[in-house]
Amino acid sequence: VQLVESGGGLVQAGGSLRLSCVSSGRTFSSYCMGWFRQAPGKEREFVAAIGWQRDRSTAYTDSVKGRFAISRDDAKDTVYLQMNSLKPEDTAVYYCAVGQLFSPPTVRAREYEYWGQGTQVTVSS
């Protein structure tokens, strides 16, 4: 399984970015997908997750609720993270990950088996 993230960059506070993660090597639609982030000097933390194709429920960490939206396009084997109203504290490397088979969204990193290489998001004040 390979995951390739894109869409990161430098943006001013209040701006928006859309991250994409393309998956290959597995039946994408059957798996929960998630986004995590890691800021310098901090542990990796959960950001958002979406259930498999027939679930599609979502989960978010409290700090991004109302600002970020996760979605998936199973025809393109791609999961997205739309990030609006960005804040400097959103600065981190963002990772997408493949979760469990036929699973609703899960927030625990240990339940994700495959990870991308990460994409840097930097929000300036």
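Structural notes, computed from the coordinates. Predicted model only: the values in this text are computed from it and were never measured.

**Here we look at the packing of aromatic side chains**
Link 1 in the chain: Tallying each qualifying case throughout the model produces five aromatic pairs.
Link 2 in the chain: Pairing Phe36 with Phe46 gives two aromatic rings, centres 5.6 Å apart and planes at 75°, and the pair type is edge-to-face. Placement of the pair is Phe36 in strand β4 (residues 31-38) and Phe46 in strand β5 (residues 45-50), with a sequence separation of 10 residues. Accessibility assignment for this pair places Phe36 and Phe46 in one class, buried.
Link 3 in the chain: Look at Tyr112 and Trp115: their rings are 6.2 Å apart centre to centre, the planes differ by 55°, and that puts the pair in the tilted class.
Link 4 in the chain: Residue Tyr112 is classed as buried on the basis of its relative accessible area, which comes to 5%.

**Section: the pattern of salt bridges**
Link 1 in the chain: Taken as a whole, this structure holds seven salt bridges when the rule is applied.
Link 2 in the chain: Close ionic contact of Arg37 with Glu45 constitutes a salt bridge, the shortest N to O distance being 2.6 Å.
Link 3 in the chain: A residue is classified by how much of its surface remains accessible, and Arg37, at 5% relative accessible area, is buried.
Link 4 in the chain: When the shortest N-O distance is used, the salt bridge between Arg108 and Glu111 registers 2.5 Å.
Link 5 in the chain: On the basis of relative accessible area, Arg108 is assigned to the partly exposed category, the value being 38%.
Link 6 in the chain: Put simply, Arg37, Glu45, Arg67 and Asp90 are held in one network by salt bridges that share partners.

**What to know about the nonpolar core**
Link 1 in the chain: Among the nonpolar cores identified, the biggest contains 26 residues, and Trp35, Val47, Phe68, Val79, Leu81, Met83 and Tyr94 are the most heavily contacted of them.
Link 2 in the chain: Top element by residues in this core is strand β9 (residues 92-101). It accounts for four residues.
Link 3 in the chain: By size, the runner-up hydrophobic cluster in this structure holds seven residues, among which are Phe46, Ala49, Ala59 and Tyr112.

**Observations regarding the environment of Gln117**
Link 1 in the chain: Here Gln117 lies in the loop between β10 (114-115) and β11 (119-124).
Link 2 in the chain: The spatial distance from the C-alpha of Gln117 to the C-alpha of Ala97 is 9.7 Å, given a sequence separation of 20 residues.

**Brief notes about the environment of Leu86**
Link 1 in the chain: Looking at the element boundaries, Leu86 is found in the loop between β8 (78-83) and β9.
Link 2 in the chain: According to the relative accessible area criterion, Leu86 is buried, its value standing at 2%.
Link 3 in the chain: Taking the C-alpha atoms as reference points, Leu86 and Thr122, 36 residues apart in sequence, are found 9.4 Å from one another.
Link 4 in the chain: When residues no more than four places from it in sequence are discounted, the contact partners of Leu86 are Val11, Ala13, Gly14, Gly15, Ser16, Leu17, Arg67, Phe68 and Val123.

Reading guide: rules and limits
Numbers given for residues are sequential positions, taken from 1 along each chain in its written order. Where local features are concerned, this predicted model is filtered to residues with pLDDT of at least 70; where side-chain atom pairs are given and counted, the filter is 80 or more; whole-chain, interface and lining totals use all residues. Side-chain calculation: all heavy atoms of the structure are included, whereas hydrogens and water are not. The aromatic pairing rule takes the rings of Phe, Tyr and Trp, using the six-membered ring of Trp, and pairs them if the centres are within 6.5 Å, calling planes under 30 degrees apart stacked, those over 60 edge-to-face and the rest tilted. Every helix listed is a DSSP run of H or I at least four residues long, and every strand listed is a run of E at least two residues long, numbered separately from the N terminus. When accessible area is computed with a 1.4 Å probe and restricted to protein chains, residues below 20% of their type maximum are described as buried, those above 50% as exposed, and intermediate ones as partly exposed. One speaks of a salt bridge when a side-chain nitrogen belonging to Lys or Arg is within 4 Å of a carboxyl oxygen belonging to Asp or Glu. In this text, buried Ala, Val, Leu, Ile, Met, Phe, Trp, Tyr and Cys residues form a nonpolar core when linked through side-chain atoms within 4.5 Å. We call two residues contacting when some pair of their heavy atoms lies within 4.5 Å.

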